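Inside the fold
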Amino acid sequence: MLKNKNDYLPIGTVVLLKNGEKRLMIFGIIQADMDHPNEEYDYIGVPYPEGNMGQDHQYLFYHNDITQVFYRGFEDIERQSFIQSLTEFYEEESDETR
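First, a word on what this report is: a plain description of the structure on this page. (Residues numbered from 1 in each chain as written. Predicted model: local features only at pLDDT ≥ 70, side-chain atom pairs only at ≥ 80, totals over all residues. Heavy atoms only, no water.)

Inspection of every chain in the model, using the stated rule, returns 4 aromatic pairs. Where Y8 meets Y43, the ring centres are 5.7 Å apart and the plane angle is 75°; that geometry is what we call edge-to-face. Placement of Y8 in the segment before β1 (14-17) and of Y43 in strand β3 (residues 36-47) is noted, with a sequence separation of 35 residues between them. The same class applies to Y8 as to Y43, namely buried. Consider the rings of F89 and Y90, whose centres lie 5.0 Å apart with planes at 90°: the pair is edge-to-face. (Phe/Tyr/Trp six-rings, centres within 6.5 Å; stacked < 30°, edge-to-face > 60°. Helix = DSSP H or I, 4+ residues; strand = E, 2+ residues; numbered from the N terminus. Buried < 20%, exposed > 50% of the residue type's maximum accessible area, 1.4 Å probe, protein only.)

Structure follows, in structure tokens:
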């Protein structure tokens, strides 16, 4: 998971992963694997341009897996507020585990 929450790419960003042949569109950040709920990934994406075609075509990945950004998704004040809330939540969680 990225330490600086401001580094997360916004929803709608289209990327290519290392060794990837198909671009993915990010549709979620800080995602857990349902089979391994204690493992968190930076992103979940779906094939671009097809979009969501079911769970078999949703891919969890880390920020450092991205080799190229083709399009950066929408950002506004609502997203900024969301990122700020995430930052505060993880800072509080970190303080509690110390």
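On to the nonpolar core, then. Counting 15 residues, the largest nonpolar core has V15, I29, Y43, F61 and I66 as the members making the most contacts within it. At the level of secondary structure, the elements contributing two or more residues to this core comprise β1, β2 (24-33) and α1 (77-97). Excluding anything up to four places from it in sequence, I29 contacts Y8, L9, I11, D42, Y43, F82, I83 and L86. (Core = buried A, V, L, I, M, F, W, Y, C linked by side-chain atoms within 4.5 Å. Contact = heavy atoms within 4.5 Å.)

A few words on the layout of surface pockets. Of the voids in this model, the largest pocket is the one considered here, and its volume is about 240 Å³. Taken together, Q31, A32, D33, M34, D35, I44, Q55, Q58 and L60 form the lining of the largest pocket. Partitioned by chemical class, the residues of the lining of the largest pocket number 4 nonpolar, 3 polar and 2 charged. Roughly 170 Å³ of volume is contained in the second largest pocket. Around the second largest pocket, the lining residues are L9, P10, I11, G28, I29, F74, D76, E78, R79, F82 and I83. Put simply, the parts of the chain that give the lining of the second largest pocket at least two residues each are β2 and α1. The class makeup of the residues in the lining of the second largest pocket is 7 nonpolar, 1 polar and 3 charged. (1 Å grid on protein atoms, 1.4 Å probe; cavity = no way out; pocket = protein on both sides within 12 Å on 5 of 7 lines; lining within 4 Å. Points joined across faces, edges and corners; volume = space filled by probe spheres on them. Nonpolar A, V, L, I, M, F, W, Y, C, P; charged D, E, K, R; others polar.)

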